[in-house]
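Geometric and topological summary
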Amino acid sequence: MANGEVGIKIKVSARDAVNNLNKLKTISTKLQTSFKKVETAAARLQNRAGASFQKFGNKVRNVRRKVQVDLEKIKRGFKGMNNIGALLGGAGLGLFAKASIQTAANAQALELRLKLLTQEFGEYEQAQDLASRAARTFGMSNIEALEGVTNIIGRLRPLGLSLKQIETTFFGFNTAAKLAGVSTVEASNAFRQLAQALGSGRLAGDEFRSISEQVPTILQPIAAELGVTVGKLKELGAQGLITSDVVIRALQKIQSEGGGKIAGIITQSDLQVFKNFNNALEDLRKTVGEALNPVILPLTKNITNLINAFNDANPIFQKAAV
């Protein structure tokens, strides 16, 4: 196998696939049994309440009907997932479903936040395109890129920076991070510090220390912009002379001079192969979560309403029901 190439062979056993599907059926049966118990308990509660608690009883009946409908939707949804039953069974269906719902919810929250941040300038589609290009260029997950773009727009757009300047900042920083070989976590932490520094108008203090330690490739272009040595930057930072304009110009230079090297790092890195796999898994969780959320969210709201109704009921009734 040639250098820089990683081969991944996945062998799917028909027997394992059948076993995983059987497990899925068992989980579905247990889920149905659990909802049946909830339904039975609700019916008993309704009978115990009697006419004096008719209003609460009506709420119980409404929730029971919605639970039955939502359960059927869940069952139908899982039937359509048989083709990835082996994968879900191996990963743990319950944990995968929970992670999928959370991933989809996080993505939806980011998209909503980005839409609110860009609605004044009508730049929502352009910002989404920026995030998509960043994900492809730097081998990020779609949610990871969307979060980074959303955060930097939230900090810099209100200060009057254009979307093009924000793109330069994001691409320049991630180019420097890739060239420095820092981990995803380190890059994320450093970028958060950079966003805070640019938002305040200058790079100094804890932000300067964090960035210089985690992404040192950014220092030389900044020093060149100021016409000093790298060793002089800490002193200039303390004096407030490393302004946002200086940092953005330095990042623009990094983007233009180092951008051509990024494609080679992405295509030849063994680590990126596994990062791509994790990105694909995250996309799968988002897709599954988006399919489950229309069923799970109303169900959750219905049960929450039932609980709130019980909490608001007369204490005498609560004691009797318990």
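Residues numbered from 1 in each chain as written. Predicted model: local features only at pLDDT ≥ 70, side-chain atom pairs only at ≥ 80, totals over all residues. Heavy atoms only, no water.

**Re the packing of aromatic side chains**
For any pair of aromatic rings, the description rests on two quantities: the centre-to-centre distance and the angle between the ring planes. Going through the model one piece at a time under the given rule, you end up with three aromatic pairs. Ring centres 5.3 Å apart and planes at 85° place the aromatic pair Phe170 and Phe191 in the edge-to-face group. In this pair, Phe170 sits in helix α7 (residues 163-180) while Phe191 sits in helix α8 (residues 184-200), placing the two residues 21 residues apart along the sequence. Here the two residues Phe170 and Phe191 agree in accessibility, since each one is buried. Judged by centre distance (5.1 Å) and plane angle (50°), the ring pair of Phe173 and Phe191 falls under tilted. (Phe/Tyr/Trp six-rings, centres within 6.5 Å; stacked < 30°, edge-to-face > 60°. Helix = DSSP H or I, 4+ residues; strand = E, 2+ residues; numbered from the N terminus. Buried < 20%, exposed > 50% of the residue type's maximum accessible area, 1.4 Å probe, protein only.)

**Considering the side chain of Ser210**
Along the chain, Ser210 falls in helix α9 (residues 205-214). Polar side-chain contacts of Ser210 include one of 2.7 Å to the side chain of Gln214. What Ser210 contacts, discounting residues up to four positions off in sequence, is Ala190 and Gln193. (Polar contact = N/O pair within 3.5 Å; in protein donor to acceptor, adjacent residues only side chain to side chain. Contact = heavy atoms within 4.5 Å.)

**Brief notes about helix α6 (residues 142-156)**
Quick reminder: α-helices carry 3.6 residues per turn. Residues three or four places apart thus point the same way. Here α6 contains 15 residues, and its C-alpha end-to-end distance of 21 Å stays within 8% of the 21 Å for a straight helix at 1.5 Å per residue. Here α6 has its buried residues at Ile143, Ala145, Leu146, Gly148, Val149, Thr150, Ile152, Ile153 and Leu156. (Expected span 1.5 Å × (residues − 1).)

**So, the environment of Ala223**
The residue Ala223 is located in helix α10 (residues 219-226) in this model. The exposure class assigned to Ala223 is buried, which follows from its relative accessible area of 0%. In this structure, the C-alpha to C-alpha distance between Ala223 and Val246, residues 23 residues apart in sequence, is 9.3 Å. In contact with Ala223, other than residues within four places in its own chain, are Val228, Thr229, Val230 and Leu233.

**Focus on the nonpolar core**
One finds Phe173 and Ile222 to be the most contacted residues of the largest nonpolar core, which totals 53 residues. By residue number, the principal contributor to this core is helix α12 (residues 244-268), which donates eight residues. Ile222 has contacts with Leu203, Leu233, Ile242, Val246, Val247 and Ala250, leaving out every residue within four places of it along the chain. (Core = buried A, V, L, I, M, F, W, Y, C linked by side-chain atoms within 4.5 Å.)

**Thoughts on the side chain of Thr168**
Structurally, the position occupied by Thr168 is in helix α7. A relative accessible area of 7% places Thr168 in the buried class. Ignoring any residue separated from it by four or fewer positions in sequence, one finds Thr168 in contact with Phe173, Ile248, Leu251, Gln252 and Gln255.

**A word on the packing of α7 against α12**
At a minimum axis separation of 7 Å, α7 and α12 run at an interaxial angle of 55°. Between α7 and α12, the angle is such that the two are oblique. Note on packing geometry: the crossing formed by α7 with α12 is left-handed. Together, Thr168, Thr169, Phe171, Gly172, Phe173, Thr175, Ala176, Lys178 and Leu179 of α7 and Ile248, Leu251, Gln252, Ile254, Gln255, Gly258, Gly259, Lys261, Ile262, Ile265 and Ile266 of α12 make up the contact between the two elements. Considering only residue class, the contact of α7 with α12 consists of ten nonpolar, eight polar and two charged. (Axes fitted to C-alpha atoms, helices over the stretch in contact; angles between N-to-C directions. Parallel < 35°, antiparallel > 145°, perpendicular 65-115°, else oblique. Left-handed = near helix turned anticlockwise from the far one by under 90°. Nonpolar A, V, L, I, M, F, W, Y, C, P; charged D, E, K, R; others polar.)

**Points about the environment of Ala263**
Mapped onto the secondary structure, Ala263 falls in helix α12. Along the primary structure Ala263 and Arg136 are separated by 127 residues, whereas in three dimensions their C-alpha atoms are 9.7 Å apart.

**Regarding helix α5 (residues 124-138)**
The end-to-end C-alpha distance of α5, which contains 15 residues, comes to 21 Å, matching closely the 21 Å that a straight helix rising 1.5 Å per residue would cover. For α5, the full list of buried residues reads Tyr124, Ala127, Leu130, Ala131, Ala134, Ala135 and Phe138. One side of α5 holds all its buried residues, which, seen down the axis, span an arc of 135°. For α5, exposure combined with an orientation more than 90 degrees from the buried face picks out Glu125 and Arg136. Backbone geometry just after α5 places Gly139 at a positive phi near 70°. (Arc of directions from axis to C-beta.)

**Some remarks on the pattern of salt bridges**
Counted by the stated rule, this structure contains ten salt bridges. Two residues, Glu123 and Arg157, come together in a salt bridge whose shortest N-O distance is 3.1 Å. Highlighted residues: Glu123 in the loop between α4 (93-118) and α5 and Arg157 in the loop between α6 and α7, separated in sequence by 34 residues. Exposure remark for Arg157: the relative accessible area of 12% places this residue in the buried category. Salt-bridge contacts for Glu167 lead to Arg133; the nearest nitrogen and oxygen are separated by 3.0 Å. Here the residue Glu167 occupies a position in helix α7, and Arg133 occupies one in helix α5, the gap between them amounting to 34 residues. Within this structure, Asp129, Arg133, Lys164 and Glu167 form a network of salt bridges that share partners. (Salt bridge = Lys/Arg side-chain N within 4 Å of Asp/Glu carboxyl O.)

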